[in-house]
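# Topology and contacts: notes
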Amino acid sequence: MELIDIYAPVKSELVKVEEKLQSIGKVDFPHLAELVSYSLTSTGKMIRPALTFLSGKFFKYEKNREVIIGMASAIEVMHIATLVHDDAIDHSDTRRGRTTVYKLWGEEQAVLLGDYLFAKAGQLTADTGNLRVVRKFSSTLETISHGEINQAYNSFNLNQSLDDYYARIARKTAALFSLSTESGSVLSEAPEKSVKTLMDYAYNLGIGFQIVDDILDFTGTEEQLGKPVGSDLRQGTLTLPSFMILEKYPEDNPVKKLCKNRGGQDEINRAVVIIKNSTIVKECYDTAQEYCDKAKAALRFLPEIESRTCLEAIADFVMKRNK
């Protein structure tokens, strides 16, 4: 199934999210309006809002539909804010095939815009009137910041373990996936057991999603990725493919050389070649598949309705995406 098919049950709600995002850019300061509108124009796959809606569909959804739309919008704004900040931190020129806010308006403007978007996301969350969801939003932002600081601090650091990697992507990616399903289920008045089940699903889905993302950083093309190949390694960020190079090629190792020299395009090119011409890609995909299978397995405790089929299909989609 393609995303357009998977999202069919929540298509109208996703349109409402896009409308809310457009309304955020309607401010009386033209420059800010330009920045906000530009950043919110390309919303990507909308997986997180979709997870929010689909998680709510199991329970008292229609009663709480408008509140859930507001929360789904908050989550997408929060996600975009993290990307704006990421691009400023990484000095990235492109994102999703578009010039970044950082490149167009500079680091200071990008950081301040990210702050503004976080504030708007918090406002949308507060509008739900649900204290648990507000607290979860706050703790998720704290968790993501923890992950980002950890990543920046450990750039080009070879003294990291796979456990460190998984802890980092749990904070950077899985945390926001979990916020999506927890908020959707809580706002639809789900029983606690079901909330936990959907959070378990989202955590494993988020880990699998990030591993595939990390694979594609080496195996995709710049056109597919919307950014240069090997961007993570260029920033000194060690991902699962990089850890496998370190493990399999302990002597003549481009990742080790790159970290010691704090950069080097030749080393990045060699790493890409090694990954593409070894078993590393398959092994990484196998690991991602294990997490996506765990995500789907968690759903067995929920009713066999259309939303469950869609959530299972999202896990399958994660494994076959190419950007």
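It should be noted that the structure appears before, not after, this text.
Scoring rules and cut-offs
Residues numbered from 1 in each chain as written. Predicted model: local features only at pLDDT ≥ 70, side-chain atom pairs only at ≥ 80, totals over all residues. Heavy atoms only, no water. Helix = DSSP H or I, 4+ residues; strand = E, 2+ residues; numbered from the N terminus. Buried < 20%, exposed > 50% of the residue type's maximum accessible area, 1.4 Å probe, protein only. Lys, Arg positive; Asp, Glu negative; His and termini not counted. Charge placed at Lys NZ, Arg CZ, Asp CG, Glu CD. 1 Å grid on protein atoms, 1.4 Å probe; cavity = no way out; pocket = protein on both sides within 12 Å on 5 of 7 lines; lining within 4 Å. Points joined across faces, edges and corners; volume = space filled by probe spheres on them. Nonpolar A, V, L, I, M, F, W, Y, C, P; charged D, E, K, R; others polar. Contact = heavy atoms within 4.5 Å. Axes fitted to C-alpha atoms, helices over the stretch in contact; angles between N-to-C directions. Parallel < 35°, antiparallel > 145°, perpendicular 65-115°, else oblique.

### Quick look at the overall build of the protein
- Along its length, the protein carries 17 helices and two strands.
- Here the C-alpha coordinates of the protein stretch approximately 60 × 50 × 30 Å along the principal axes.
- Counting all 323 residues of the protein, 53% fall into the buried class.
- Looking at the protein, you have 40 positive and 45 negative side-chain charges, and the mean spots of the two groups are 2 Å apart.

### Some thoughts on the layout of surface pockets
- Taken as a whole, the second largest pocket spans an internal volume of roughly 160 Å³.
- Lining the second largest pocket are Leu3, Ile4, Tyr7, Ala8, Lys11, Leu14, Val15, Glu18 and Met46.
- Counting residues per element, the lining of the second largest pocket draws most heavily on helix α2 (residues 11-24), at four residues.
- In terms of residue class, the lining of the second largest pocket is built from seven nonpolar, no polar and two charged.

### Focus: the side chain of Asp232
- Counting through the fold element by element, Asp232 comes out in helix α12 (residues 231-234).
- Take Asp232: its relative accessible area is 18%, and that puts it in the buried class.
- With near-sequence residues (within four places) excluded, Asp232 lies in contact with Asp214, Asp217, Thr237 and Thr239.

### Here's the deal with the packing of helix α5 (residues 65-90) against helix α9 (residues 162-187)
- Their axes nearest at 9 Å, the elements α5 and α9 cross at an angle of 170°. By the angle between their axes, α5 is roughly antiparallel relative to α9. Residues Val67, Ile68, Met71, Ile75, Met78, His79 and Asp86 of α5 pack against Lys172, Leu176, Leu179, Ser180, Ser183, Gly184 and Leu187 of α9.
- Along the lines of polarity and charge, the residues of the contact of α5 with α9 split into eight nonpolar, four polar and two charged.

### Considering helix α13 (residues 240-248)
- Across the nine residues that make up α13, a large majority, seven, are buried.
- In the core, the buried residues of α13 are packed alongside α9, α10 (192-219), α12, α14 (254-261), α15 (265-276) and α16 (280-298).

### A closer look at the environment of Gln109
- The residue Gln109 is located in helix α7 (residues 107-126) in this model.
- Since its relative accessible area comes to 24%, Gln109 is described here as partly exposed.
- Excluding anything up to four places from it in sequence, Gln109 contacts His31 and Leu35.

### So, helix α4 (residues 47-56)
- The buried fraction of α4 amounts to 10 of the 10 residues, a majority that puts the element mostly inside the structure.
- Where α4 is concerned, the buried positions are Ile47, Arg48, Pro49, Ala50, Leu51, Thr52, Phe53, Leu54, Ser55 and Gly56.
- Tucked inside the fold, the buried residues of α4 contact α2, α5, α9, α10 and α17 (306-320).

No statement about biological role is implied by the geometric values presented.
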